[in-house]
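Tertiary structure, described
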Amino acid sequence: QIGRRHVADLTCVPETDAEFCTRLGKSCESVTDADNCGVTRTVTLCGTCSGATPACVGNVCSTPVCGTSFVAAGSNVTAVSVAASQDDLLGSSATGDSLLLLRPPSTGCGVNTLFIADATTSGSMAAYNVQNINTLTGFQKAEETMTLTGDGLTIIGTDATAKAFVTSTRTAIGMTNFGTAAAGPFAAINTAINASGGTATWPVLSQDGLAFYYRLGGATVTTDNGIYEAIRASASANFPAATKMPAAVQTFDGVSGISSDRMTLFVELNFATSIMTRNSLSQPFTVPATSMPPGAAWRIVPIAGCAKVIGTCEPGGCTNEDICVWAKM
């Protein structure tokens, strides 16, 4: 039997590189897979992307989901924005149906109370005060210290010392039964933060769960300070230690959100949002020649496949800060 299989293998005519790429439906960059003879093979270039489909996503040429143009004026999410109150977004689910936010217990300034809000069957949103839930005492509840996973179930944030990231998960949307804060997949990142002597802020997890971003500040070696990225192979794996992102990203305060295809990065500086782009996961992010970011926007997170983005309206004055959405143009 072994001999017969060996003879059969010898009679197989390997496909060309072009045939390999076409059969697998791949049109860009390097691809490794089994060829028509069952032999693992790497084709270093299945093609390049340009024109209307300039981005290589999963080795397929496509149009980036976000683009670079959004309306200037945000629309108030009245279901979670309290008049005359400072309402600040921390994170959002991929659909925008679950939001993590800070605001005062009533009105005025001072975002000192943590809320999670979920869409209801009536089309509104119900906001739950989770500030004093015992299982969430391990979190530092402040601006730029927490985020929400794409499924709306897990909070990711810095611990009370801001030297480690911890997570807490609830069982379902509409519930507040969050588990005790734990390091989850961030042990290697936390070790590096502690070794640096610095503190961490601006946590962001991509919607596919593979990319994690944060900012390190106050490090013993000042050149260690900056914005970092960690990439893991699967959403069930632990993150490796993060690497510092290129210089173009370091001019900003932090990353607030990333598109579902990871081609568009939303970055923040001086209470305003900028957009960075790339056309491949192997490329660094750069500032495009032209873009129209959402106006008076802070902590922007893409939602609804990037048909919209959600964040904090920054028209000036803390009591004027609300949760708003901006549509893609």
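Scroll up to find the structure.
Residues numbered from 1 in each chain as written. Predicted model: local features only at pLDDT ≥ 70, side-chain atom pairs only at ≥ 80, totals over all residues. Heavy atoms only, no water.

Points about the overall build of the chain
In terms of regular secondary structure, the chain is built from three helices and 22 strands. Seen through its C-alpha atoms, the chain measures out along the principal axes to roughly 80 × 50 × 40 Å. Looking at the chain residue by residue over its 329 residues, the buried ones come to 45%. Counting only contacts in the chain whose residues sit at least 6 apart along the sequence, the fraction spanning at least 24 positions is 45%. Total accessible area on the chain is roughly 14300 Å²; 56% of this is exposed by carbon and sulfur atoms. Averaging the locations of the 17 positively and 24 negatively charged side chains of the chain gives two centres separated by 5 Å. (Helix = DSSP H or I, 4+ residues; strand = E, 2+ residues; numbered from the N terminus. Buried < 20%, exposed > 50% of the residue type's maximum accessible area, 1.4 Å probe, protein only. Contact = heavy atoms within 4.5 Å. Areas by Shrake-Rupley, 256 points an atom, 1.4 Å probe, with all protein chains shown as cover. Lys, Arg positive; Asp, Glu negative; His and termini not counted. Charge placed at Lys NZ, Arg CZ, Asp CG, Glu CD.)

Digging into the environment of Ala188
Structurally, the position occupied by Ala188 is in helix α3 (residues 187–196). Sequence separation between Ala188 and Thr32 is 156 residues; the distance between their C-alpha atoms is 29 Å. The contacts of Ala188, once residues within four sequence positions are left out, are Phe239, Pro240 and Ala241.

Some points on the sheet that holds strand β9 (residues 125–129)
Spatial ordering of the open sheet is given by β6-β7-β8-β9, a layout of four strands whose pairing is antiparallel. Since the sheet does not close on itself, it has two edges, and those belong to β6 (88–92) and β9, each with one partner. On average, adjacent strands in this sheet sit at an angle of 25° to one another, irrespective of strand direction. Sheet topology places β6 next to strand β7 (residues 98–103); four bridges connect them, and they run antiparallel. What sits directly across from Leu89, in β7, is Leu101. (Pairing = 2+ DSSP bridges. Axes fitted to C-alpha atoms, helices over the stretch in contact; angles between N-to-C directions.)

Focus: the packing of aromatic side chains
Overall, the coordinates contain eleven aromatic pairs when judged by the stated rule. Centroid distance Trp202 to Trp298: 5.5 Å. Interplanar angle 80°. Geometry classified as edge-to-face. With a gap of 96 residues between them, Trp202 in strand β13 (residues 199–205) and Trp298 in strand β20 (residues 297–303) connect regions that are remote in the sequence. Here the two residues Trp202 and Trp298 agree in accessibility, since each one is buried. Note on Phe271 and Trp298: the rings are 5.0 Å apart at their centroids and 45° apart in plane angle, and the pair reads as tilted. Of this pair, Phe271 sits in the loop between β18 (264–269) and β19 (272–277) while Trp298 sits in strand β20, and the two are 27 residues apart along the sequence. Since its relative accessible area comes to 51%, Phe271 is described here as exposed. Sitting over the ring of Phe115, Arg103 keeps its end group 4.2 Å from the ring centre. (Phe/Tyr/Trp six-rings, centres within 6.5 Å; stacked < 30°, edge-to-face > 60°. Lys NZ or Arg CZ within 6 Å of the ring centre and 35° of its normal.)

Looking at the sheet that holds strand β10 (residues 146–148)
Ordered in space as β10-β11-β12, the three strands form an open sheet in which the pairing is antiparallel. The open sheet is flanked by β10 and β12 (165–169), the only strands paired with a single partner. Here the average twist between neighbouring strands, direction ignored, is 20°. Pairing of strand β11 (residues 154–158) with β12, which is carried by five bridges, proceeds in the antiparallel orientation. Note on β12: the bridge partner recorded for Thr158 is Phe165.

A word on α3
Burial in α3 covers these residues: Ile189, Asn190, Ile193 and Ser196. Projection of α3 onto a plane perpendicular to its axis shows the buried side chains occupying an angular sector of 125°, all on one side. In α3, the exposed positions angled more than 90 degrees off the buried face are occupied by Thr191 and Ala195. (Arc of directions from axis to C-beta.)

What about the pairing of strand β15 (residues 226–231)?
Taking burial as the measure, the six residues of β15 include five buried ones, the bulk of the element. Pairing geometry for strand β14 (residues 211–217) and β15, over six bridges, is antiparallel. The residue of β15 that forms the bridge with Phe212 is Ala230. With two bridges joining them, β15 and strand β16 (residues 243–244) adopt antiparallel strand pairing.

A few points about unusual backbone geometry
In this model, Asn59 sits at a positive phi of 65°, which is unusual for a non-glycine residue. Structurally, Asn59 can be placed in the loop between β3 (55–57) and β4 (60–62). Of note in the backbone geometry, Asn270 takes a positive phi value of approximately 50° without being a glycine. Looking at the secondary structure, you find Asn270 in the loop between β18 and β19. Look at Asn270 and you get exposed, because its relative accessible area is 62%.

A closer look at the pattern of salt bridges
Pairs can form between side chains of opposite charge whenever their charged atoms are close. Within this structure, the stated rule accounts for eight salt bridges. Its salt-bridge partner being Glu15, residue Arg23 comes within 2.8 Å of it at the nearest N-O pair. Where Glu144 meets Arg299, a salt bridge forms, and the shortest distance between an N and an O atom there is 2.6 Å. Placement of Glu144 in the loop between β9 and β10 and of Arg299 in strand β20 is noted, with a sequence separation of 155 residues between them. Arg299 matches Glu144 in its accessibility class, with the two residues each being buried. The network of salt bridges with common partners includes Asp88, Glu143, Glu144 and Arg299. (Salt bridge = Lys/Arg side-chain N within 4 Å of Asp/Glu carboxyl O.)

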